[in-house]
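Geometric and topological summary
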Amino acid sequence: MIFAFGLLGFLTATSIGVDDSAANVDPGVSSSHSPSLHVVLSTYGSIGNYSTDTKSRSLSGYATLSSAWVDYYTVGYNSLWLERGDAGGKYYTQHLVSARASKFFPPRITLTAHYAYLDEGEIQSFSARTIFHWMGGGVSYWFSPFQVAGSSFTLSHSGGEIATSIVRGFFFFEVTGGIWATTTAILSNASWTPSLFSMHQTISIPFGNSNFLVATAGAGRRAFYFDDENLILYNQRVVQTRFVQAKAIVNIAGGFYVIPSFEYNGHDEYSATYGSLGLRVVF
């Protein structure tokens, strides 16, 4: 199952990143802002279809408090449920509560910490209700206002035992003329799998004032993965082998943004497609 597209920050002409994640704001550019507080509120709805005839639905909401567009504090909530005709409709629900803090230490270091609480519901005659805790941290180093490298780690545990460990490394940079790219490498290990490795490539292309097209493609192998940057959970036990996402960040008026998105996921045993629509308000 996937929690779809709960993304944290936003892109503006003066706060540029690979996508609309709070982790990807350029302190070299943003530090020119006054040290005022800003609030970003967003909500998302998604519909997913699996090749196994299962359908998923999710709703999420996020609130971010930012200081001068360099420090970020985010809380989020997501509810997801699965439906099948041969199961009588909705047969499974899960809930995710998440939080992330990002603090910039001049002149070049950003430190982050994150936590998530996952409540997986019961699937009758198959699996019992299960609680997971996800937690970790990360560090980024700004070589310049246009190049940053970083890494993060995440552990999940349930019932007093470690379920997964994840290490993520990335390099993000401006290609040219406001086009940004990110290369991400992910090493993960679940208690029921060997070590898994995957890589993602993202590119962000501006069009007009505060509007962006963002495309991501990934290949490799990962399972039960928590994206600590965007607070998105891919908690399928089946190994994911490929990933493609395309989205637009469209400024409607003032601080209002609409974010349509499409995603394809390939797994060892099935595939899934997701469509999402988000609304963001920036104060």
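So, how was this worked out
Residues numbered from 1 in each chain as written. Predicted model: local features only at pLDDT ≥ 70, side-chain atom pairs only at ≥ 80, totals over all residues. Heavy atoms only, no water. Helix = DSSP H or I, 4+ residues; strand = E, 2+ residues; numbered from the N terminus. Buried < 20%, exposed > 50% of the residue type's maximum accessible area, 1.4 Å probe, protein only. Contact = heavy atoms within 4.5 Å. Areas by Shrake-Rupley, 256 points an atom, 1.4 Å probe, with all protein chains shown as cover. Core = buried A, V, L, I, M, F, W, Y, C linked by side-chain atoms within 4.5 Å. Phe/Tyr/Trp six-rings, centres within 6.5 Å; stacked < 30°, edge-to-face > 60°. Pairing = 2+ DSSP bridges. Polar contact = N/O pair within 3.5 Å; in protein donor to acceptor, adjacent residues only side chain to side chain. Patch = residues over 30% accessible without salt bridge, like charges linked within 9 Å, V, L, I, M, F, W, Y side chains within 5 Å. Salt bridge = Lys/Arg side-chain N within 4 Å of Asp/Glu carboxyl O.

As for the overall build of the protein chain
Looking only at helices and strands, the protein chain features one helix and 16 strands. Sorting the 283 residues of the protein chain into buried and exposed places 51% on the buried side. In the protein chain, 51% of the contacts between residues at least 6 apart in sequence involve partners at least 24 apart. Of the accessible surface of the protein chain, which amounts to about 11800 Å², a share of 65% is contributed by carbon and sulfur atoms.

Some points on the nonpolar core
Residues Leu96, Leu118, Phe132, Trp134, Phe226, Leu233 and Ile249 are the most contacted members of the largest nonpolar core, which totals 27 residues. Broken down by element, the residue count for this core peaks at three residues, all from strand β13 (residues 232–234). Excluding residues that lie within four positions of it along the chain, Trp134 makes contacts with His114, Tyr115, Ala116, Leu118, Thr154, Leu155, Ser156, Thr164, Ile166, Phe224, Phe226 and Leu233. Judged by nonpolar contacts, the second largest core, of eight residues, contains Phe104, Trp142, Val148 and Phe172.

Some remarks on the packing of aromatic side chains
Counting across every chain of the model gives 13 aromatic pairs. Seen from their ring centres, Tyr44 and Tyr62 are 6.3 Å apart, and the 75 degrees between their planes marks the pair as edge-to-face. One end of the pair, Tyr44, is in strand β1 (residues 37–50); the other, Tyr62, is in strand β2 (residues 55–67), with 18 residues separating them in the sequence. Residues Tyr141 and Phe143 carry aromatic rings whose centres are separated by 5.0 Å and whose planes lie at 75 degrees to one another, so their mutual orientation is edge-to-face.

Remarks on the pairing of strand β14 (residues 240–253)
Bridging between strand β11 (residues 212–222) and β14 involves nine bridges; their strand directions are antiparallel. Of the residues in β14, the one forming a bridge with Phe212 is Ile249. Taken together, the 10 bridges between β14 and strand β15 (residues 256–267) define a ladder with antiparallel strand orientation. Looking at the pairing, Gln245 lines up with Glu263 of β15.

Details of the pairing of β2
Here is the key point about a regular strand: its side chains alternate between the two faces of the sheet. Inspection of the sheet shows β1 paired to β2 by 13 bridges, in the antiparallel sense. Pairing of Asn49 across the sheet is with Lys55, part of β2. Where β2 lies against strand β3 (residues 71–84), 13 bridges are found, and the strand directions are antiparallel. When the bridges of β3 are listed, Ser56 appears paired with Leu82. The antiparallel hairpin formed by β2 and β3 contains three residues in its connecting segment, where Ala68 sits at a positive phi of about 60 degrees.

Some thoughts on unusual backbone geometry
Residue Pro107 is bonded to the preceding Pro106 through a cis peptide linkage, with omega at 5 degrees. Considering the arrangement of structural elements, one finds Pro107 in the loop between β4 (89–105) and β5 (109–120). Phi angles above zero are rare outside glycine, and Ala68 is one such case at about 60 degrees. Secondary-structure assignment places Ala68 in the loop between β2 and β3. Within the chain, Phe224 stands out as a residue other than glycine whose phi angle is a positive 50 degrees.

Topic: the side chain of Asn251
Considering the arrangement of structural elements, one finds Asn251 in strand β14. Within polar-contact distance, the side chain of Asn251 engages the backbone oxygen of Phe256 at 3.0 Å.

Some words on a nonpolar patch on the surface
On the surface, Phe153, Leu155, Ile162, Val167, Leu187, Phe197 and Met199 cluster together to form a nonpolar patch covering roughly 640 Å² of accessible area. Elements represented by at least two residues in the nonpolar patch include exactly β7 (147–158), β8 (161–176) and β10 (195–206). Classification of Leu155 as partly exposed rests on a relative accessible area of 35%.

Considerations on the environment of Val239
If you trace the backbone, Val239 turns up in the loop between β13 and β14. Each C-alpha atom, one on Val239 and one on Arg221, is 6.1 Å from the other, the two residues being 18 residues apart in sequence. With residues up to four places along the chain from it excluded, the contact list for Val239 reads Leu196, Arg221, Arg222, Ala223, His267 and Asp268.

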